[in-house]
Structures are given as structure tokens and as C-alpha cells.
Amino acid sequence: MENRTIKCPNCGTFNKNRDYCKVCNTLISHKKKRELKEAKVKQAQIDEVIHELENPNLAERLKKHPNIFYKIIGWVLYSAITIVSLIGAGLAWFIAMVAAG
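Residues numbered from 1 in each chain as written. Predicted model: local features only at pLDDT ≥ 70, side-chain atom pairs only at ≥ 80, totals over all residues. Heavy atoms only, no water.

Caption draft 1: The arrangement of the overall build of the chain in detail. Looking only at helices and strands, one finds three helices and two strands in the chain. What you see in the chain, going N to C, is helices and strands ordered as β-β-α-α-α. Radius of gyration (C-alpha) of the chain: 27 Å, far over the 13 Å computed for a compact globule of 101 residues. Taking the principal axes of its C-alpha atoms as reference, the chain extends roughly 70 × 50 × 25 Å. Scored against the burial criterion, the 101 residues of the chain give a buried share of 11%. When contacts within the chain are restricted to residue pairs at least 6 apart in sequence, those whose partners lie at least 24 apart make up 2%. Taken as a whole, the chain presents about 8,600 Å² of accessible surface, with 62% of it coming from carbon and sulfur. The chain carries 16 positive and 9 negative side-chain charges, and their two centres are separated by 8 Å. (Helix = DSSP H or I, 4+ residues; strand = E, 2+ residues; numbered from the N terminus. Rg over C-alpha atoms; globule rule 2.2 N^0.38 Å. Buried < 20%, exposed > 50% of the residue type's maximum accessible area, 1.4 Å probe, protein only. Contact = heavy atoms within 4.5 Å. Areas by Shrake-Rupley, 256 points an atom, 1.4 Å probe, with all protein chains shown as cover. Lys, Arg positive; Asp, Glu negative; His and termini not counted. Charge placed at Lys NZ, Arg CZ, Asp CG, Glu CD.)

Below, the structure is given as C-alpha cells:
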């Protein structure tokens, strides 16, 4: 096992082979800090995906509406957004090809 001595940034106590300070119980292990930060980032990404699934955009909500009139409006809106996106992507591709020579 590796011997490591870490000085606590909070109280200045030197700790040997510990993740938390023996005096003030402050987290001093860089590995533990990294693991906690990764877990926090993963949880934030999971929360974002759950939010997107639970709160669809207007076009998606209208496409699933029980009234046929609103369904038609939803599909038209969805199609218009898709066509505008395709035109924008094609224009961006064309400009990139012209710039590349």
C-alpha cells in the first residue's frame, strides 16, 4: 500500500492514508473528490434526460393530442421545423464545401 501524507486545506493537519481529515472531517482525497464530481455530473445528465422525456416540446404534445385538428397542427408544425432544419443543414454544408475549395 502506498503511504501518502496530505495536508488538510481547512485546518492544516497532516493526515496519513486517509480520505477525510482526522480533526475536522474535511474531504482531502483527490480520488474521492473526483468520484463524487463524476457521480454528480452523471446524476445531472440523468435528471436532464428525465426532464426532456417528461416535458416534450409543443409539436410533440400536439402530435399526441386526442383532437384530430390539434394532431394535424402538430404534424404540420413538426414538418415545418424539420424542413427548416434540413434547409439550414444543407446550406451549412454547401458553405463549408465552397470554403474548402
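Next comes the rest of the description.
Caption draft 2: Local environment of the pattern of salt bridges. On inspection of all chains with the given rule, the structure shows two salt bridges. The salt bridge involving Arg4 is made with Asp19; its shortest N-O contact spans 3.2 Å. Of this pair, Arg4 sits in the segment before β1 (5-7) while Asp19 sits in the loop between β2 (14-16) and α1 (30-54); the two residues are 15 residues apart in sequence, bridging distant segments of the chain. For Arg4, a relative accessible area of 28% gives the class partly exposed. (Salt bridge = Lys/Arg side-chain N within 4 Å of Asp/Glu carboxyl O.)

Caption draft 3: Local environment of the state of the cysteines. Evaluated as defined, the whole model comprises zero disulfides. Left unpaired, Cys11 is separated from the closest cysteine sulfur, that of Cys21, by 3.6 Å. We classify Cys11 as partly exposed; its relative accessible area is 35%. The cysteine Cys24 is free of any disulfide, with Cys8 supplying the nearest cysteine sulfur at 3.5 Å. (Disulfide = S-S within 2.5 Å.)

Caption draft 4: How the structure looks around helix α3 (residues 68-100). The end-to-end C-alpha distance of α3 is 48 Å, a good match for the 48 Å that 33 residues give at a rise of 1.5 Å each. A side-chain oxygen of the first residue of α3 lies 3.1 Å from the backbone nitrogen of Phe69; this N-cap is Asn67. Backbone geometry just downstream of α3 places Gly101 in the positive-phi region, at approximately 100°. (Expected span 1.5 Å × (residues − 1). Polar contact = N/O pair within 3.5 Å; in protein donor to acceptor, adjacent residues only side chain to side chain.)

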